[in-house]
Structure formats: structure tokens, C-alpha cells
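Now for the letters of each chain:
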Amino acid sequence: MFAHLLVPLDGSALAETALPAAVALARRLSARISVLHVVEPHAAPTVHGDRHLTRAQDAEAYLDQIVEQLAAQHVQARAIVRYGSADVAWEIAATAAAVSADLTVLCTHGRGGVRGAIFGSVAQQVLQQGRTPVLLTTPSERRDFQCRRVLVPLDGSETSETALPAATAVAAACAAEIVLVSVVPTPETAPPDRAATRLMP
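To start, this report covers the structure provided alongside it.

Quick notes on the rules
- Residues numbered from 1 in each chain as written.
- Predicted model: local features only at pLDDT ≥ 70, side-chain atom pairs only at ≥ 80, totals over all residues.
- Heavy atoms only, no water.
- Helix = DSSP H or I, 4+ residues; strand = E, 2+ residues; numbered from the N terminus.
- Buried < 20%, exposed > 50% of the residue type's maximum accessible area, 1.4 Å probe, protein only.
- Contact = heavy atoms within 4.5 Å.
- Areas by Shrake-Rupley, 256 points an atom, 1.4 Å probe, with all protein chains shown as cover.
- Pairing = 2+ DSSP bridges.
- Axes fitted to C-alpha atoms, helices over the stretch in contact; angles between N-to-C directions.
- Disulfide = S-S within 2.5 Å.
- Parallel < 35°, antiparallel > 145°, perpendicular 65-115°, else oblique.
- Left-handed = near helix turned anticlockwise from the far one by under 90°.
- 1 Å grid on protein atoms, 1.4 Å probe; cavity = no way out; pocket = protein on both sides within 12 Å on 5 of 7 lines; lining within 4 Å.
- Points joined across faces, edges and corners; volume = space filled by probe spheres on them.
- Nonpolar A, V, L, I, M, F, W, Y, C, P; charged D, E, K, R; others polar.
- Core = buried A, V, L, I, M, F, W, Y, C linked by side-chain atoms within 4.5 Å.

**A word on the overall build of the protein**
Part 1: A tally of regular secondary structure across the protein gives eight helices and nine strands.
Part 2: Counting the 201 residues in the protein, one finds 41% classified as buried.
Part 3: Taking contacts inside the protein between residues at least 6 apart in sequence as the whole, the part at least 24 apart equals 73%.
Part 4: In the structure as shown, the protein presents an accessible area of about 11600 Å², 53% of it carried by carbon and sulfur atoms.

**A word on the sheet that holds strand E1 (residues 4-8)**
Part 1: Spatially, E5-E2-E1-E6-E7 is the arrangement adopted by the five strands of the open sheet, whose pairing is parallel. The sheet terminates laterally at strand E5 (77-83) and strand E7 (134-137), the two strands that pair on one side only. In this sheet, neighbouring strand axes are inclined to one another by 25° on average, regardless of whether the strands run parallel or antiparallel.
Part 2: In terms of strand pairing, E1 meets strand E6 (residues 103-107) through two bridges, oriented parallel. Directly across from Leu 5, in E6, lies its bridge partner Leu 103.

**Observations regarding the state of the cysteines**
Part 1: According to the stated counting rule, one finds zero disulfides in the structure shown.
Part 2: No disulfide involves Cys 147; its nearest neighbouring cysteine sulfur is the one of Cys 174, lying 4.4 Å away.

**Concerning the packing of helix H4 (residues 88-98) against helix H6 (residues 122-129)**
Part 1: Packing of H4 against H6 leaves a shortest axis separation of 8 Å and a crossing angle of 45°. Here H6 runs oblique to H4, going by the angle between their axes. The crossing of H4 and H6 is right-handed. In this structure, H4 uses Val 88, Ala 89, Trp 90, Ile 92 and Ala 93 to contact H6, whose residues at the interface are Val 122, Gln 125, Val 126 and Gln 129.

**A closer look at the side chain of Thr 104**
Part 1: Tracing the chain through its elements places Thr 104 in strand E6.
Part 2: Once residues within four sequence positions are removed from consideration, Thr 104 is found in contact with Leu 6, Pro 8, Ile 92, Ala 96, Thr 132, Pro 133, Val 134 and Leu 135.

**Observations concerning unusual backbone geometry**
Among all residues except glycine, the phi angle is most often negative; among peptide bonds, the trans geometry is most common.
Part 1: With a phi close to 65°, His 74 is a non-glycine residue in the positive phi region.
Part 2: Looking at where His 74 falls in the secondary structure, it is placed in the loop between helix H3 (56-72) and E5.
Part 3: On the basis of relative accessibility, which here comes to 70%, the residue His 74 falls in the exposed class.
Part 4: Positive phi, close to 60°, is recorded for Ser 100, a residue that is not glycine.
Part 5: With respect to the helices, strands and loops of the structure, Ser 100 is situated in the loop between H4 and E6.

**Things to note about the layout of surface pockets**
Part 1: The computed volume of the largest pocket comes to approximately 1000 Å³.
Part 2: What lines the largest pocket is a set of 30 residues, among which Val 134, Leu 135, Leu 136, Val 150 and Leu 151 lie closest to the centre.
Part 3: By residue class, the composition of the lining of the largest pocket is 19 nonpolar, eight polar and three charged.

**Here's the deal with the nonpolar core**
Part 1: The biggest cluster of nonpolar side chains holds 39 residues, and the ones touching the most others in it are Leu 5, Val 7, Leu 9, Ile 33, Val 35 and Val 150.
Part 2: Sorting the residues of this core by element identifies E1, helix H2 (19-29), strand E2 (32-39), H3, E6, strand E8 (149-153) and helix H8 (164-174) as the ones contributing at least two each.
Part 3: With residues near it in sequence (within four places) discarded, Ile 33 still touches Leu 5, Val 7, Ala 22, Val 23, Ala 26, Leu 70, Val 75, Gln 76, Ala 77 and Arg 78.
Part 4: Counting eleven residues, the second largest nonpolar core, distinct from the first, contains Leu 6, Leu 36, Val 38 and Val 126.

Bear in mind that shape data such as this cannot, by itself, settle questions of function.
This is how it looks when you write it as C-alpha cells:
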């Protein structure tokens, strides 16, 4: 299912923490990787404490180094540089579609982990705008990737079940266990907008 992975990078060490997961999956699935950098107009000089790649030639040189590193790990990779877009999330989602990527892998870029990514970040916007499955990784100094369990929340709808093929593919590649979970609301845990349901027997 996952033969082509897209990894957006902004030049920071933080963004590169998504690479171990991408490499591990690529090797287990015999997939190839495209590393992407979006050159933003009028970008800040630094990003996450590192120099921001604001020139196309700098971005190309940086991605070429990443491609060489991936090749040394026996992973087929190529570099993609997009120019002049202020909407980085849209550019990532559009690139994933244009190159027929099966999975986008990116770091949450936040101290709050996945929760920090879910409110207003580039990662959340990629989730909203794109049709390609997205794997979010939290910032970590570990250079290996281990996946022992895949958690799949289901609410009984067909929409939620569309996550199952991706979960199955990742679990099979990693020899991981799939855990299905369904949350059943109770009168005590019902949100305020459903307060009336608390009165129902």
C-alpha cells in the first residue's frame, strides 16, 4: 500500500526527526522516499533554532545531502524543491498528490507533541487539506523507529473505518499489534453541548 513516502523538511534538525520513521517504513516496505522543501517568500532567517533555507540553491544542496544519507541506508530517494509559496501546508498537500505519494511523514514541530500539532500547525493543515495519509512523529533524539502497537479509534462509522487499511499496512510492515478502541460516552462524560443526554435514563 505504501510504495512512495513524502517527507517535508524545512532544514531544521527538528524536522529531520521524522526521517527515522520514514526510513524504517521505506526499508520494510521496499518503498522510495521524496524529500521536499518549500522555499517561502519573506521567510524568517531561522526556523526551530536552525538557519532557514530561504534560497532555492541552498534548499537543493541541503536536500541532495539528505538523499545521499538515505542512499547510504539503502533507501531510494529524490529531492523536490517548491518555490515561492507562502502556504507551506497547501504546497505539501499538493505535492503529495502531484507525485502520487502514498504517505506523508512529518514531525509535529511542537513541544506539545501531537496535541500541539492538532491546533493550527502546518501538520494540522496538511491533514485538513490533503487526501494522502499522514504519519505524524513527535520530536525525538532517537535515531531508530520502533512500532509495536497501532491504535485505531473507531466510532462505528464507515468514515472511521477508512483508517483500517493504512493501519493494517503499517502494522504488517512493523510486525505490530493492532488495537481497536471505541469510546462510549456516559452521562458523566458527555460534553456540555449534549448536556440534555445526561438526563436520559
